[in-house]
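# Analysis of the macromolecular model
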Amino acid sequence: MINKNIKGTSALRQKNRIQIIDYIRKNAPVTRIDIFNGTNISRPTITRIVKQLVEEKIVQESGMVETHAGRKPIYLKLRKSALCCMGMNIYRNNIRASIIDLDKNILISKKVSINNVKTAKEFLETILDMIHSLIDESKISIKHVIGIGIGSSGVVDYDKGILHNFNPHLNIRNIPLKAFLEKELNIQTFVDNNPNTRALGEYWYGYGRGYKDIAYIVCGEGIGSGIIVDGNILRGKNNITGEFGHMTVAVNGRECNCGRYGCVEAYCSTEGIEKILNEKISEVDTSPIKDFIKGNRSKLNYSMICEFYNEDRYCKEVLDQATTILSIGLSNLMGILNPEIIVLSGELFDNDFMFDQVIDKTKQEVFTDLIGDIKFKKREQMDYVYEIGAAALVYKAYFKNV
């Protein structure tokens, strides 16, 4: 696990240890001589650390290198799942978590509902039970779990690991998740908002591999974004950079859940689209979708609105408005940040025609052809790159200084 409090000689030993692990991870199979030639670490130190890693079952020796004379060096490689971490995503209604090895392989995954969670204590206990269950079922020693990375919806204090408001429909506030898990498990924990961890997942393992500047936009019940600039998450002074959903696109426009007016989210979130359509059909006697739901407004949802796009003029108006406003927001973002690639995700893009409309309109909105070559990709909602992205918080910290 990551020990953030070591200093002096112990810190140097820890750095050498991580550097050796990282070299083996990237270049295996390797010999001790390879490590010496590829790092600035002395031979005695390499011998001592490799011996420890073999004894701890993190590194394994595997065969010998053929040489013309003398002793035959032994190959070294990391044991499968010798070092791993946990990636977790907290949604409004459920939690998904996976244990992931250094090669980004998902070893085991689990999903639990939090629909019945009413208090912060129940919430924390649910997460702790989930972690213990994953570790027990995986049969991985907790000593080999180097950290826990967590992405959460809502407002997150990244430095302190506090969830200020992960679900606006629950009266659960200011949950000290990082402090709680580090105390209970003695494993360093990183907590960030979901769009940031997802952007990191794209950068390390997804569509963003090979790019340095990435924008990740998620459009569902709410709208959020994670921004990668020069390979790092763009955080800003208070870690609230990337509030794309609350970019103003209509002066004196519709009221948003944040209390302001004219935000992208008020028009383009699935919740916003449902509200606007409800208002429209309440003012008319009949329409295909209104006749279909027979006055039961609870049946009306975003997926149904998309199905009636070609049959109901009001559905078409609302969805066309959403794609137009979202494209305005995206073109503004492109003009300010000029990312190399934009990844769009969330329920809004479950229908390909919404994705295609947004891309076409965005390209029409950009003010110069110089940013017209920005690439767009769609990420499926339930892709496990989300959990891998949360895990990347750990690996990024673990290998930070090597």
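Residues numbered from 1 in each chain as written. Predicted model: local features only at pLDDT ≥ 70, side-chain atom pairs only at ≥ 80, totals over all residues. Heavy atoms only, no water.

In the annotation of an unreviewed UniProt entry, the entry for the protein chain reads ROK family protein, and the organism field reads Vallitalea maricola.

### Concerning the pairing of strand S10 (residues 214-219)
Burial analysis of S10 places 6 of its 6 residues in the buried class, the great majority of the element. Every second residue of S10 is oriented toward a common face, with Ile214, Tyr216 and Val218 on one face and Ala215, Ile217 and Cys219 on the other, all of them buried. As paired elements, S10 and strand S11 (residues 223-229) share 6 bridges and run antiparallel to each other. When the sheet's bridge partners are listed, isoleucine 214 is paired in S11 with isoleucine 228. Where S10 hands over to S11, the hairpin turn is made up of 3 residues, counted between the paired strands. Across 5 bridges, S10 lies against strand S13 (residues 341-345) in parallel orientation. Paired with valine 218 across the bridge in S13 is serine 345. (Buried < 20%, exposed > 50% of the residue type's maximum accessible area, 1.4 Å probe, protein only. Helix = DSSP H or I, 4+ residues; strand = E, 2+ residues; numbered from the N terminus. Pairing = 2+ DSSP bridges.)

### Notes on the pattern of salt bridges
Pairing is possible between side chains of opposite charge, provided their charged atoms come close. Applying the stated criterion across every chain, the model contains 17 salt bridges. Here glutamate 125 and lysine 121 are joined by a salt bridge, their closest N and O atoms 2.7 Å apart. Residue glutamate 125 and its partner lysine 121 are both found in helix H4 (residues 120-138); the two are separated by 4 residues, about one turn of the helix. Classification of glutamate 125 as partly exposed rests on a relative accessible area of 35%. Since its relative accessible area comes to 57%, lysine 121 is described here as exposed. (Salt bridge = Lys/Arg side-chain N within 4 Å of Asp/Glu carboxyl O.)

### Thoughts on helix H11 (residues 313-337)
Because an α-helix completes one turn every 3.6 residues, residues spaced three or four positions apart along the sequence face the same direction. If you check H11, its first and last C-alpha atoms are 36 Å apart, about what 25 residues at 1.5 Å a residue would give, namely 36 Å. For H11, the capping residue at the N-terminal end is aspartate 312, with a side-chain oxygen 2.8 Å from the backbone nitrogen of tyrosine 314. (Expected span 1.5 Å × (residues − 1). Polar contact = N/O pair within 3.5 Å; in protein donor to acceptor, adjacent residues only side chain to side chain.)

### Structural notes on the packing of aromatic side chains
Going through the model one piece at a time under the given rule, you end up with 6 aromatic pairs. Arranged with centres 5.8 Å apart and planes meeting at 75°, the rings of tryptophan 204 and tyrosine 205 form a pair that is edge-to-face. Relative accessible area serves as the criterion here: at 18%, tyrosine 205 is assigned to the buried category. Note on phenylalanine 349 and phenylalanine 355: the rings are 6.1 Å apart at their centroids and 90° apart in plane angle, and the pair reads as edge-to-face. Accessibility assignment for this pair places phenylalanine 349 and phenylalanine 355 in one class, buried. (Phe/Tyr/Trp six-rings, centres within 6.5 Å; stacked < 30°, edge-to-face > 60°.)

### Here's the deal with the packing of H4 against helix H5 (residues 177-185)
The description of two helices packed together rests on the angle between their axes and the distance between the axes. Direction vectors running N to C along H4 and H5 enclose 45°, while the axes themselves pass 11 Å from each other. Viewed along their axes, H4 and H5 adopt a mutual orientation that is oblique. Relative to H5, the crossing made by H4 is right-handed. On H5, the residues touching Leu124, Ile127, Leu128, Ile131 and His132 of H4 are Leu177, Phe180, Leu181, Glu184 and Leu185. Along the lines of polarity and charge, the residues of the contact of H4 with H5 split into 8 nonpolar, 1 polar and 1 charged. (Axes fitted to C-alpha atoms, helices over the stretch in contact; angles between N-to-C directions. Parallel < 35°, antiparallel > 145°, perpendicular 65-115°, else oblique. Left-handed = near helix turned anticlockwise from the far one by under 90°. Contact = heavy atoms within 4.5 Å. Nonpolar A, V, L, I, M, F, W, Y, C, P; charged D, E, K, R; others polar.)

### What about unusual backbone geometry?
Between alanine 28 and the following residue, proline 29, the backbone shows a cis peptide bond with an omega angle of 0°. Tracing the chain through its elements places proline 29 in the loop between helix H1 (8-27) and helix H2 (32-38). If you check the backbone angles, aspartate 230 has positive phi at about 55° while not being a glycine. Here aspartate 230 is to be found in the loop between S11 and strand S12 (232-233). Its identity is not glycine, yet asparagine 252 carries a phi of approximately 55°, on the positive side. By relative accessible area, asparagine 252 is classed as exposed at 75%.

### Some remarks on helix H12 (residues 352-365)
Over its 14 residues, H12 extends 20 Å from the first C-alpha to the last, a length consistent with the 20 Å expected when each residue adds 1.5 Å. What H12 keeps buried is the set Met354, Phe355, Gln357, Val358, Ile359, Lys361 and Thr362. Of the surrounding elements, those touching the buried residues of H12 are helix H10 (302-307), H11, S13 and strand S14 (375-379).

### Points about the sheet that holds strand S3 (residues 84-90)
Read across the open sheet, the 5 strands follow the order S5-S4-S3-S6-S9; overall the sheet is mixed. This sheet does not close on itself; its edge strands, each paired only once, are strand S5 (106-113) and strand S9 (189-193). In this sheet, neighbouring strand axes are inclined to one another by 15° on average, regardless of whether the strands run parallel or antiparallel. Both strand S4 (residues 94-101) and S5 contribute to a ladder of 7 bridges, which runs antiparallel. If you follow arginine 96 over to S5, its bridge partner there is lysine 111. The strands that H5 touches are S3, strand S6 (145-152) and S9; relative to S9, the one it contacts most, it runs at about 160°. Set on the sheet, helix H6 (residues 194-205) makes contact with S3, S6 and S9; between it and S9 the angle comes to about 105°.

### What about the sheet that holds S13?
Sheet strands pair by backbone hydrogen bonding; their relative direction is either parallel or antiparallel. Taken in spatial order, the 5 strands line up as S12-S11-S10-S13-S14 in an open sheet, and their pairing is mixed. In this open sheet, the two strands that pair with only one neighbour each are S12 and S14. Strands in contact with H6 are S10, S11, S12, S13 and S14; relative to S11, the strand with the most contacts, it is inclined by about 45°. Together, S13 and S14 form the strand contacts of H12, whose direction differs from that of S14 by roughly 160°.

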